[in-house]
Amino acid sequence: KVSWITIAANFVLSAFKLAAGIIAKSGAMVSDAVHSASDVLSTFVVMAGGKILGKKADDNHPYGHERMEGVASMFLSVILAVTGIGIGISGINKITGGGELTVPGVLALVAAAISIMVKEVMFWYTRHYAKKLNPGALMADAWHHRSDALSSVGSLIGIGGALLGVPILDPIASVVICLFIIKAAFDIAKDAFDKMVDK
């Protein structure tokens, strides 16, 4: 129940941030939206992987289907890494003068503030049930929400700085958040690799 509630909240938040980033022309907010969407994707991969690896062994898979979760996670990590690198390149182009520096709209700033508040609520909500039910995965998910809130703080600083007359801060924030996305991709890939080699 906790996972489904956080998936729904993350999905709505990601869609809102993406729309706000596009409308307000903020690369930092688009990056932040992708970072939030990565949580939704990774949770779905874990849930789908759980269904697949629960299948019994058959003629083509005499040892069962446990490795399928790792394959799905590797696929997700590649998509995330490519997206993160694309966002990073776009931000670097703007910083180095290869792209037009635009001042984002106020909507992007509002979206960053809402994101911080929603992510903090999700952190305390998930942490409450993690302490009550005591599963490690749920507590890890709670801290993931806190790291997303910090990512949105980066967006807030970048967008706010751009609105105050330093437009280069928006693409700088975009590049910083891109590093969060690449790190998330690396963590997913490493975890999948470790499971596939029975670490």
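Structure: see above.
What counts and how
Residues numbered from 1 in each chain as written. Predicted model: local features only at pLDDT ≥ 70, side-chain atom pairs only at ≥ 80, totals over all residues. Heavy atoms only, no water. Helix = DSSP H or I, 4+ residues; strand = E, 2+ residues; numbered from the N terminus. Buried < 20%, exposed > 50% of the residue type's maximum accessible area, 1.4 Å probe, protein only. Areas by Shrake-Rupley, 256 points an atom, 1.4 Å probe, with all protein chains shown as cover. Salt bridge = Lys/Arg side-chain N within 4 Å of Asp/Glu carboxyl O. 1 Å grid on protein atoms, 1.4 Å probe; cavity = no way out; pocket = protein on both sides within 12 Å on 5 of 7 lines; lining within 4 Å. Points joined across faces, edges and corners; volume = space filled by probe spheres on them. Nonpolar A, V, L, I, M, F, W, Y, C, P; charged D, E, K, R; others polar. Expected span 1.5 Å × (residues − 1). Arc of directions from axis to C-beta.

Caption draft 1: Region of interest: the overall build of the chain. On a plain count of helices and strands, the chain comes out with six helices and zero strands. Start at the N end of the chain and walk to the C end: the helices and strands fall as α-α-α-α-α-α. When each of the 199 residues of the chain is scored for burial, the buried share is 37%. Carbon and sulfur atoms make up 72% of the accessible area of the chain, which amounts to about 10,800 Å² in all.

Caption draft 2: Just the pattern of salt bridges, in detail. Counted by the stated rule, this structure contains five salt bridges. Of the charged contacts, one joins Lys190 and Asp194 as a salt bridge, the two residues approaching to 3.1 Å between their closest N and O atoms. Note that Lys190 and Asp194 are positioned in helix H6 (residues 169-196) at a spacing of four residues, about one turn of the helix.

Caption draft 3: Spatial organisation of the layout of surface pockets. The computed volume of the second largest pocket comes to approximately 160 Å³. In terms of lining, the second largest pocket is formed by 14 residues, of which the most central are Ser26, Gly27, Ser90, Lys94 and Ser174. At the level of secondary structure, the elements contributing two or more residues to the lining of the second largest pocket comprise helix H2 (27-53), helix H3 (67-95) and H6. Among the residues making up the lining of the second largest pocket, the classes are represented as three nonpolar, eight polar and three charged.

Caption draft 4: Spotlight on H6. Between its terminal C-alpha atoms H6 stretches 41 Å, which fits the 40 Å expected from 28 residues at 1.5 Å a residue. Backbone geometry just after H6 places Asp198 at a positive phi near 60 degrees.

Caption draft 5: Structural view of unusual backbone geometry. With a phi angle near 55 degrees, Lys25 is a residue other than glycine that sits in the positive phi range. Summarising the element assignment, Lys25 is placed in the loop between helix H1 (2-23) and H2. Given a relative accessible area of 55%, Lys25 falls into the exposed group.

Caption draft 6: Region of interest: H1. In this model H1 runs 32 Å from its N-terminal to its C-terminal C-alpha over 22 residues, within 8% of the 32 Å that 1.5 Å per residue would give. Taken as a whole, H1 has its buried residues at Val2, Thr6, Ile7, Asn10, Leu13, Ser14, Lys17, Ala20 and Gly21. Looking down the long axis of H1, one finds its buried residues gathered within 165 degrees of arc, a one-sided arrangement. The exposed residues of H1 that point more than 90 degrees off its buried face are Phe11, Val12, Ile22 and Ile23. Looking one or two residues past H1, Lys25 carries a phi angle of roughly 55 degrees, positive in sign.

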